[in-house]
Amino acid sequence: MAKKALIIGVTSQDGSFLADLLISKGYEVIGTIRRTSSFYRENISHLYGKIKIEVADLIDPESLNRVIKKYQPDEVYNIAAQAVPADSWSTPIYTAEVTGLGIVRVLEAVKNFSPHSRVYQATSREVFGNIKAEVATEETPFDANNPYGISKAYAHMMVRCYRESYNIFVCGGFLFNHESERRGLQYVSRKISVGVACIKNKVKRPPLNELGEPLIDDNGKLHLGYLDAKRDWGYAKDYVFAMWLMLQQPSPKDYVIGTNTQHSVKDFCQIAFSLVGLNWEDHVISDKSLLRPTEIRELRGDYSLAQKELGWAPTVGFEELVKLMVNSDLKKFTNEKLSTQIDDLLDATFSLQ
Ligand code: NDP
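For every chain, the first residue of its written sequence is number 1, and the numbers climb from 1 along that sequence. A pLDDT threshold of at least 70 governs which residues receive local features in this predicted model, and a stricter bar of 80 or more applies before side-chain atom pairs are shown or counted, although totals over entire chains, interfaces and linings include all residues. Based on all heavy atoms of the structure, the side-chain values leave hydrogens and waters out of the count.

The helix count covers DSSP runs of H or I at least four residues long, the strand count covers runs of E at least two residues long, and both are numbered beginning at the N terminus. Of the regular secondary structure elements, the chain holds twelve helices and 15 strands. Atoms considered for the radius of gyration are the C-alpha atoms alone. The globule rule reads 2.2 Å times the number of residues to the power 0.38. Over its C-alpha atoms the chain spans a radius of gyration of 20 Å, differing by no more than 12% from the 20 Å that the globule rule assigns to 353 residues. Once the C-alpha set of the chain is aligned to its principal axes, its extents read approximately 60 × 50 × 40 Å. For every residue, the accessible area (1.4 Å probe, protein chains only) is compared with the maximum for its type, and the residue is labelled buried under 20%, exposed over 50%, or partly exposed between those bounds. Classification of the 353 residues of the chain by burial places 52% in the buried group. Using the Shrake-Rupley algorithm and a 1.4 Å probe, accessible areas are obtained, with residue cover drawn only from the displayed protein chains. As displayed, the chain has an accessible area near 15500 Å², and 51% of this comes from carbon and sulfur atoms.

In structure tokens, the structure reads:
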């Protein structure tokens, strides 16, 4: 019989890639979406008819109880979160509710209705926040310094608590930044790849940024935050494979998943703009209103434990990642494409059961 997997937050970048992976492995896949979220689900429109959709919210324990009780899944992936660190200062209580307490509601549902389920929790490198180290391992202490990272740290400690207290098979992945052509537009990598496409293709009505302003201003400039920020950036498809591997092991454990390299936002811009023959310095400005109140320190993810025990290693390097994102957005963001967007929106509508 096919294994059953529940993906909480299937509309996310990671949830959609994970669904692709699990389908390719013959799983029956159930994905949750929120009743309140937009009907535009670009990341999962290709999955229509291939997965089951249920409505659930990390804030609503009854919705999680119902779905977990109904399917008794072999594997549960909690991918959902208020996942934007920069937004967590303006929504600290909501972030704690969803990103911090959400997994506790999932683990309670598993404990009470499906204790055999193996659970994956999307922990984040942001739990290390301000730590004075160059490289993080599974042993690195937490030093989160923003409401998102602090919520993820609490969530991760509850993962350990449920593993030790109730013998639940639950793993947390300390994932470093991972990007793709499905990344949300609120994240810097995608702003750059979409920005390059809009500038190169002279798109008349570029999408809006999180301040509600056009991504490209009237002077043709792309507004970003701190350009010297460095991140350990990998490709999301590689990272969802690591999530799956964690749940196939004989016993549950937490793993760091990264590339052990890092690059700055400037590096990302330089490669992205040069791919279309432009100089990034002519098109990018650092906008004070997009700066975080506190930055996280530079840190690389040492994935040697994952390599040794899971056989995992990243397969896509930084330049290749930038290239695949820019090339994808050059095709998506053209004046012709955007004028037919309403048809795409309708195609992407999911009919709920
Ligand atoms: P996205 O930002 O693409 O997606 C977030 C998901 O969470 C969406 O599906 C969203 O649903 C869902 N969601 C938000 N609030 C709730 C709620 N109250 N109840 C149920 N679902 C909710 O995330 P990513 O794919 O980038 O990341 C996946 C996970 O991995 C997140 O937990 C993130 O914090 C974590 N992570 C990501 C990293 C990265 O670099 N990508 C690095 C480290 C950790 P909707 O579509 O309805 O808004």
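With that out of the way, let us pick up the environment of Gly173. Take Gly173: it is sitting in strand β7 (residues 170–175). For Gly173, a relative accessible area of 0% gives the class buried. It is 14 Å that separates the C-alpha atoms of Gly173 and Glu309, two residues lying 136 residues apart in sequence. Should any heavy atoms of two residues lie within 4.5 Å, those residues are considered in contact. Among residues more than four places away in sequence, those in contact with Gly173 are Tyr120, Gln121, Ala122, Thr123, Ser124, Met246 and Tyr255.

The domain architecture assigned to the chain consists of domain 1 (4–179 + 232–257) and domain 2 (188–230 + 262–295 + 318–349). Where each domain begins and ends is defined by an automated method or by a domain database. The distance between the C-alpha centroids of domain 1 and domain 2 comes to 27 Å. Contacts between the two partners involve 15 residues from domain 1 and, on the opposite side, 19 residues from domain 2. When two parts are brought into contact, each loses some accessible area as probed by a 1.4 Å sphere; the total of that loss over both is the buried area. Interface area for domain 1 against domain 2, summed over the two sides, is near 1600 Å², with a carbon-plus-sulfur share of 64%. The salt bridge criterion pairs a side-chain nitrogen of Lys or Arg with a carboxyl oxygen of Asp or Glu, the two atoms within 4 Å. At the boundary of domain 1 and domain 2, one finds two salt bridges.

This next bit is on helix α4 (residues 102–113). Residue count minus one, scaled by 1.5 Å, sets the expected span of a helix. Counted at 1.5 Å a residue, the expected span for α4 with its twelve residues is 16 Å, and the 17 Å between its end C-alpha atoms agrees. Where α4 is concerned, the buried positions are Gly102, Ile103, Val104, Arg105, Val106, Leu107, Ala109 and Val110.

Moving on: the confidence of the model for the chain. Put simply, the chain has an average pLDDT of 93, and 94% of its residues get 70 or more. Every residue in residues 342–353 scores below 50 in pLDDT, and together they form 21 contacts with partners more than four places removed in sequence or on other chains. The predictor rates its confidence in each residue with pLDDT, a number between 0 and 100.

Here the focus is the pairing of strand β1 (residues 4–8). When you tally the buried positions in β1, you get four out of five residues, the bulk of the element. In this description, strands pair whenever DSSP reports at least two bridges between them. Across five bridges, β1 lies against strand β2 (residues 28–33) in parallel orientation. Residue pairing for β2: Ala5 is matched across the bridge by Val29. Between the parallel pair β1 and β2, the chain is carried across by helix α1 (residues 13–24), and the sense of this crossover is right-handed. Sheet topology note: the β1/strand β4 (residues 75–78) ladder contains four bridges and is parallel. Residue pairing for β4: Ile7 is matched across the bridge by Tyr77. With the strands pointing away from the viewer, any crossover whose connection runs clockwise from the first strand over the helix to the second is right-handed.

The next subject is the packing of aromatic side chains. Each Phe, Tyr or Trp ring (for Trp, its six-membered ring) is paired with any other whose centre lies within 6.5 Å, and the angle between the two planes then decides the class: stacked below 30 degrees, edge-to-face above 60, tilted in between. Evaluated as defined, the whole model comprises twelve aromatic pairs. Consider the rings of Tyr77 and Tyr120, whose centres lie 6.3 Å apart with planes at 40°: the pair is tilted. Note that Tyr77 is positioned in strand β4 and Tyr120 in strand β5 (residues 118–121), a separation of 43 residues in sequence. As far as the burial class goes, Tyr77 and Tyr120 line up, both buried. Each ring, one from Tyr162 and one from Tyr166, has its centre 5.0 Å from the other, and the planes form 55°; the classification is tilted. Here the residue Tyr162 and the residue Tyr166 both occupy positions in helix α5 (residues 147–166), the gap between them amounting to four residues, near one helical turn.

Orientation is described by axes fitted as lines to C-alpha atoms, over the contacting stretch for helices, and by angles from 0 to 180 degrees between their N-to-C directions. Where helix α8 (residues 265–274) meets helix α10 (residues 318–332), the axes come as close as 9 Å, and the angle between the chain directions of the two elements is 55°. It follows from the interaxial angle that α8 and α10 lie oblique. The crossing of α8 and α10 is right-handed. For the pair formed by α8 and α10, the contact residues are Asp267, Phe268, Ile271 and Ala272 on the first element and Phe318, Glu319, Val322, Met325 and Val326 on the second. Counted by class, the contact of α8 with α10 contains seven nonpolar, no polar and two charged residues. Any angle that is under 35 degrees is reported as roughly parallel, and any over 145 degrees as roughly antiparallel; angles of 65 to 115 degrees are reported as roughly perpendicular and all others as oblique. Crossing handedness is defined as follows: a turn of the near helix away from the far one that is anticlockwise and smaller than a right angle gives a left-handed crossing, while the clockwise case is right-handed. Each residue gets one of three labels, nonpolar for Ala, Val, Leu, Ile, Met, Phe, Trp, Tyr, Cys and Pro, charged for Asp, Glu, Lys and Arg, and polar for the others, Gly among them.

Going through the model one piece at a time under the given rule, you end up with 18 salt bridges. Among the ionic pairs, Arg292 bridges to Glu126, the shortest N-O distance being 3.4 Å. Of this pair, Arg292 sits in the loop between β14 (284–286) and β15 (300–301) while Glu126 is found in the loop between β5 and β6 (135–136), placing the two residues 166 residues apart along the sequence. Across the salt bridge formed by Glu309 and Lys253, the nearest N and O atoms sit 2.8 Å from each other. With Glu309 in helix α9 (residues 304–310) and Lys253 in the loop between α7 (236–246) and β12 (255–257), this residue pair connects regions lying 56 residues apart in the sequence. Looking at Lys253, the relative accessible area reads 32%, which means it is partly exposed. Through salt bridges that share partners, Glu54, Arg66 and Lys70 make up one connected network.

Our next topic: the side chain of Arg183. By secondary structure assignment, the location of Arg183 is in the loop between β8 (178–179) and α6 (188–200). Classification of Arg183 by relative accessible area gives buried; the value is 13%. When residues no more than four places from it in sequence are discounted, the contact partners of Arg183 are Gln13, Asn177, His178, Ser189, Arg190 and Met325.

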